[in-house]
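Secondary and tertiary structure notes
Listed here are the chains, written in short residue letters.
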Amino acid sequence: MMTRFAVLLQQRLRRDRVQLPLWIVGTALMAFAGYAGVSQSYATLADRQNILAAALANPVILMFRGLPSGTSEGAFLAFEILPWLALLAALMSTFLAVRHTRGDEEAGRAELVWATPAGRRLPTLATIVHGLLANIVLALLTSLALIATGLPAAGSWLAGAAAGSCGIAFLGIGLVAAQLMRTSRGANSLTVWVLVATFLVRGIGNAAGTPSDDLSSMTSAWPVWLSPFGWAEQTRPYDADLLWPMLLGLGFGVLLAGAAVALQSLRDIDASFVAERRGRVSARPALASPHALVWRLTSGSIIGWAVGGAITGILATTLSGLVDQISGENPAVAEILTKIGGATGGLDEVVVTVFFTLLGILAACCAVQTVVRARQEEARGTAEAVLATPIGRVRWLADYVIVGLFAVLIVIAAAVVAAWVGVWANAGDDSLYRIVAVAGLGQAVAAAVFAVLAALAFVLVPRATTALAWSLVLLAAMLGMFGPLFGLPEWTANISPFAVTPVVDGSGVDVRGLWWLVLALAAGGAAILALMRRRELAPGA
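Remember, predicted model here, so these are calculated numbers, not experimental data.

**Remarks on the pattern of salt bridges**
Side chains bearing opposite charge may pair, as long as their charged atoms lie close to each other. Taken as a whole and judged by the stated rule, the model has twelve salt bridges. Between Arg99 and Asp16 there is a salt bridge whose closest N-O contact spans 3.2 Å. Of this pair, Arg99 sits in helix H5 (residues 73-99) while Asp16 sits in the loop between helix H1 (2-15) and helix H2 (19-41), placing them 83 residues apart in sequence. Like Arg99, the residue Asp16 is buried in the burial classification.

The structure is reproduced here in structure tokens:
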């Protein structure tokens, strides 16, 4: 049995030999770069005190940052990036869990393995061990990166372990989702929604907490104990250095992993506990075209991203007044938001720019998920049935790109309309209508770039399409949102399409990097059309 287990584990390690190092090294580099940014941008104790005081008074900042736990460099670094380190570990773990369970089962590989002496349970156990090892290595490298900056070793080890424990918790969530849902796409969607919900619950718990008298730390409210991200933050690295909250994540992940093994024994191969929605006996006339089929396959996820866009839009304009009031008492709020947003106007414009940068990332994720569906259809063999009709390869891929671009417009439009409603409901400045429109259109162009990049990845490196497309979005998001805070050179942030979109500049509009974004769209579109003509089908994972 041990020999069979070793073979299965080796197969998983070999299959993930590119993806996992990217996730792990990227997380460690983020921790290392985060310290450089803190030491440069907030070098003095007064700077860190001002930012923490602003955060404790502003629920917006607490939603997107960690738990304030002191003014030392280490504690401030944990406040800045620990939730994001945990988020990277969680995404890595959920994708890993689904890929090696429901993904293999959906592709037919699991049935072949289950027919051998390995049986049904051993492959799942190999996946569990594989995920545990990945998170242990992530925790070790992240801790070593923090120690290399000169931070205290005890807090560094705890910060890395806290991120890894959150990853293990979501490893269990991914394993259970793979048993519940009929497809890997459904399982991944479920885990992402759980991830987003628990991340927001953590933020709500911090925002509703009780600040200390010196405005340097926060005692969180009870909702944080409902989230693995909250458990990771409650370790308070470089301050209290509490070990036991991290054990909640470890125990939760192991418990769910055991539940996943038990659930697997209760179902047949290729079955699920959440039944797949039954289709119509006969298709509607509207489904006669290939682009209508693409829309039918992707509409559910597009609607979900649009809801997220609408929430982002209304927050952008309803919270600007609160931030303006707080910044009057503490100028550090305006400074940190201006660094992220890059806008040069009033604070309300800066707040809109910051939220719409986040919106651009959401729209890009929606576009990538839509275009990557082409690779999923090709790998499963269903694309071959479509291409056997008079529909050509270029037209087939173009439909995915067109729907992806249309999805971007839907997400952005939902946000713009919601933001305008927020301006109207709060009797805001009429200039905000124009600021919102410019920010929305700019982020739509930035997000469209990633639809084209995902299609290029599909044409050039089909088997790496999913990993490469999502990695590009993640890298651009990190550079665009955190590059200025980490003290990176300006040119590194400008690599990100999200950071160079047009902004309102007085009575005019500063187009910034709009023209190179449009050029990238045109060049990428032309390359897709030319290269796809000669590309053959590449089935399989």
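Next comes the rest of the description.
**A few points about helix H22 (residues 514-532)**
Its 19 residues place the ends of H22 27 Å apart at the C-alpha level, agreeing with the 27 Å of an ideal helix rising 1.5 Å per residue. Turning to H22, its buried residues number three or more, namely Leu514, Leu517, Gly524, Ile528 and Met532. Along H22, the residues classed as buried sweep out an arc of 90° about the axis, all on the same side. Turned more than 90 degrees from where H22 packs its buried face, Trp515 and Leu519 sit exposed. On its buried face, H22 is in contact with helix H18 (393-425) and helix H19 (431-460).

**Focus on the packing of helix H8 (residues 121-148) against helix H9 (residues 153-180)**
One way to put it is that H8 packs onto H9 with a least axis distance of 8 Å and a crossing angle of 155°. Looking at the two axes, H8 sits roughly antiparallel to H9. In the crossing of H8 with H9, the sense of the turn from one axis to the other is right-handed. Broken down by class, the residue content of the contact of H8 with H9 amounts to 16 nonpolar, nine polar and no charged.

Parameters at a glance
- Residues numbered from 1 in each chain as written.
- Predicted model: local features only at pLDDT ≥ 70, side-chain atom pairs only at ≥ 80, totals over all residues.
- Heavy atoms only, no water.
- Salt bridge = Lys/Arg side-chain N within 4 Å of Asp/Glu carboxyl O.
- Helix = DSSP H or I, 4+ residues; strand = E, 2+ residues; numbered from the N terminus.
- Buried < 20%, exposed > 50% of the residue type's maximum accessible area, 1.4 Å probe, protein only.
- Expected span 1.5 Å × (residues − 1).
- Arc of directions from axis to C-beta.
- Contact = heavy atoms within 4.5 Å.
- Axes fitted to C-alpha atoms, helices over the stretch in contact; angles between N-to-C directions.
- Parallel < 35°, antiparallel > 145°, perpendicular 65-115°, else oblique.
- Left-handed = near helix turned anticlockwise from the far one by under 90°.
- Nonpolar A, V, L, I, M, F, W, Y, C, P; charged D, E, K, R; others polar.

Purely spatial values, then, with no claim about function.
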